[in-house]
Amino acid sequence: MKFRRPKGTLDSVPPESGHRQAARELFGRLCRLAGFQEIGTPTFEHTDVFIRSAGSGSDIVAKEMYSFKDRAGRDLTLRPEGTPGVVRAVLENGLRLPCRLFYAGAFFRYNQPQKGRCREFHQFGVEALGEASARTDAEVIRLGHEFFRHLGIADCRLVVNSIGCRDCRPGYHKLLVGYLNERRDRLCADCLVRLERNPLRVFDCKNETCHRALGAAPVPRLHLCPTCAEHFAAVLAELGRLELPFAVSDRLVRGLDYYNRTTFEYLSDALGAQDSLGGGGRYDYLVEEFGGPATPAVGFALGLERALLAVPAAPTAARLPLVFVVWLTEADIPQAQELLARLREADIPARIDYDASLPAHPKKLKHQVRTADAARARGCVIVGGEELGRGACGVKDLATGVQTEVPLTDVVERVRALLPTASA
Ligand code: AMP
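Remember, it's a predicted structure, so these values are computed and weren't measured experimentally.

A closer look at the overall build of the protein
Here's step 1: Secondary structure assignment for the protein yields 15 helices and 16 strands.
Here's step 2: Reported as C-alpha extents along the three principal axes, the dimensions of the protein are approximately 90 × 50 × 45 Å.
Here's step 3: Of all 424 residues assigned to the protein, the portion counted as buried reaches 50%.
Here's step 4: Excluding contacts between residues fewer than 6 apart, the proportion of contacts in the protein whose partners are at least 24 apart in sequence is 69%.
Here's step 5: On the protein, roughly 20,900 Å² of surface is accessible, and the fraction owed to carbon and sulfur atoms is 53%.

Things to note about the side chain of Arg 79
Here's step 1: Looking at the secondary structure, you find Arg 79 in the loop between strand S4 (75–78) and helix H4 (83–92).
Here's step 2: Look at Arg 79: it is buried, it has no salt bridge, and the nearest opposite charge is Glu 45 at 6.7 Å.
Here's step 3: Here the side chain of Arg 79 touches Ala 106 through a polar contact of 2.8 Å, landing on its backbone oxygen.
Here's step 4: Apart from residues no more than four positions distant in its own chain, Arg 79 is found in contact with Thr 41, Pro 42, Thr 43, Phe 44, Phe 50, Gly 105, Ala 106, Phe 107 and Phe 108.

Re the domain arrangement of the protein
Here's step 1: Its domain assignment divides the protein into domain 1 (16–168 + 224–310) and domain 2 (320–418).
Here's step 2: Of note, the centres of domain 1 and domain 2, computed from C-alpha atoms alone, are 47 Å apart.

Focus: unusual backbone geometry
Here's step 1: Residues Pro 14 and Pro 15 are joined by a peptide bond in cis, for which omega reads 0 degrees.
Here's step 2: Examined against the element boundaries, Pro 15 turns out to sit in the segment before helix H1 (16–33).
Here's step 3: A cis amide bond links Leu 97 with the next residue in sequence, Pro 98, at an omega value of 0 degrees.
Here's step 4: Positionally, Pro 98 belongs in the loop between H4 and strand S5 (99–108).
Here's step 5: A positive phi is found at Arg 261, a non-glycine position, where the angle reads about 50 degrees.
Here's step 6: Inspection of the secondary structure assignment puts Arg 261 in strand S9 (residues 260–267).

Here we look at the sheet that holds S4
Here's step 1: Pairing is antiparallel in the open sheet, where three strands are placed in the order S2-S4-S3. For this open sheet the edge positions go to strand S2 (44–46) and strand S3 (66–69), each flanked by a neighbour on one side alone. Across the sheet, the mean angle from the axis of one strand to that of its neighbour is 30 degrees, orientation sign disregarded.
Here's step 2: Across four bridges, S3 lies against S4 in antiparallel orientation. Residue pairing across strands places Phe 68 opposite Leu 76, the latter belonging to S4.
Here's step 3: Lying over the sheet, helix H2 (residues 47–54) contacts S2, S3 and S4, oriented at roughly 80 degrees with respect to S2.

Points about the pattern of salt bridges
Here's step 1: If you walk through the whole model with that rule in mind, you get 32 salt bridges.
Here's step 2: Between Arg 32 and Glu 38 there is a salt bridge; the shortest N-O distance is 3.6 Å.
Here's step 3: On the basis of relative accessible area, Glu 38 is assigned to the partly exposed category, the value being 40%.
Here's step 4: Here Glu 238 and Arg 241 are joined by a salt bridge, their closest N and O atoms 3.1 Å apart. With a gap of three residues between them, Glu 238 and Arg 241 both fall in helix H9 (residues 226–241), about one helical turn apart.

Conventions we followed
Residues numbered from 1 in each chain as written. Predicted model: local features only at pLDDT ≥ 70, side-chain atom pairs only at ≥ 80, totals over all residues. Heavy atoms only, no water. Helix = DSSP H or I, 4+ residues; strand = E, 2+ residues; numbered from the N terminus. Buried < 20%, exposed > 50% of the residue type's maximum accessible area, 1.4 Å probe, protein only. Contact = heavy atoms within 4.5 Å. Areas by Shrake-Rupley, 256 points an atom, 1.4 Å probe, with all protein chains shown as cover. Lys, Arg positive; Asp, Glu negative; His and termini not counted. Salt bridge = Lys/Arg side-chain N within 4 Å of Asp/Glu carboxyl O. Polar contact = N/O pair within 3.5 Å; in protein donor to acceptor, adjacent residues only side chain to side chain. Domains from an automatic or database assignment. Pairing = 2+ DSSP bridges. Axes fitted to C-alpha atoms, helices over the stretch in contact; angles between N-to-C directions.

As structure tokens, then:
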């Protein structure tokens, strides 16, 4: 083989590509039901967009961005996450606030690839801009949870936390810095930098020694101002009302500077070390930071690759909503083509094996059956012979092998019944 894909990237090939498409459609449907509209932003942005939002001390900005200069010397970066581009686009296009938006697309981070961690990956995300209520936090949290539930991930666990606001965070930071300064010798080099730039980040460190050093560190949730405490209590009450099981995780701070108040994550035990299916939080200052009006906001990003890893494996032999129109002799091909067009017009995926008529394939019928099988078609419609003389054709269920004679006029309906999902 001459070429291989770059490290950390994945090909999406059938049948997995079909699962991706189905997940994308499910996500879009759930978002639209909750009043979110789709937004698309460029795959790369000016590098400053990400530095201003995630923070220069975040792992993403410091270590993981694919940044480059274009031929005119502009500093550009392949997007490592969705929210900054969405906020920029909302302001640049003058969208009216409040607005609810969702997106799906490819994102890029230069990290060490492992199961569930790639350098190019796909996220589905929502942003509710201009909504301050704790009920919105809970509604957004539920939307992500619903997506995983509909996908069939039964073990999706929800953890939530609050990291306070501009008012209560400085006081809390002082406490945390004081605590960590006494344990500087036990912190890794990265955490010493975090300590200067954004001490909350130390909670994100994967290093065991740092973890232990954090032992009895003060946690944000226990140092919230009364308004943040009230907001968090309201989020939890609403999650309770929605009957969404959750656990409070004091150390869930999330790795981006722009979060405040509510943070949350969806976890799955099926994933191994990279156990986060998705996460999000409130970011009430980001729109202002980008030069817009003060705008409360909350959103999440879900990882598609991890979601698909966590879905219980589908039976691989499953057949697709696809039929083959099989012809018996060359003379039957025009009639077969007419049927093919009727099926496609009725939204039923259908194919015909034209190559079977080439001289290289003397066994015409056998070739077509093999092609249909390789394509994992659910059924075939057989055109020709005596049946055609009676104004009928054969409809064969390739999963069961059962074949019935069907009048030509009823073929579309009969095939639709065979493929319930084809026309859904
Ligand atoms: P984050 O933007 O880091 O909060 O990530 C949100 C979700 O995106 C995570 O929970 C993962 O499901 C997914 N994700 C983030 N980084 C990667 C990656 N490098 N490879 C695959 N999925 C990722």
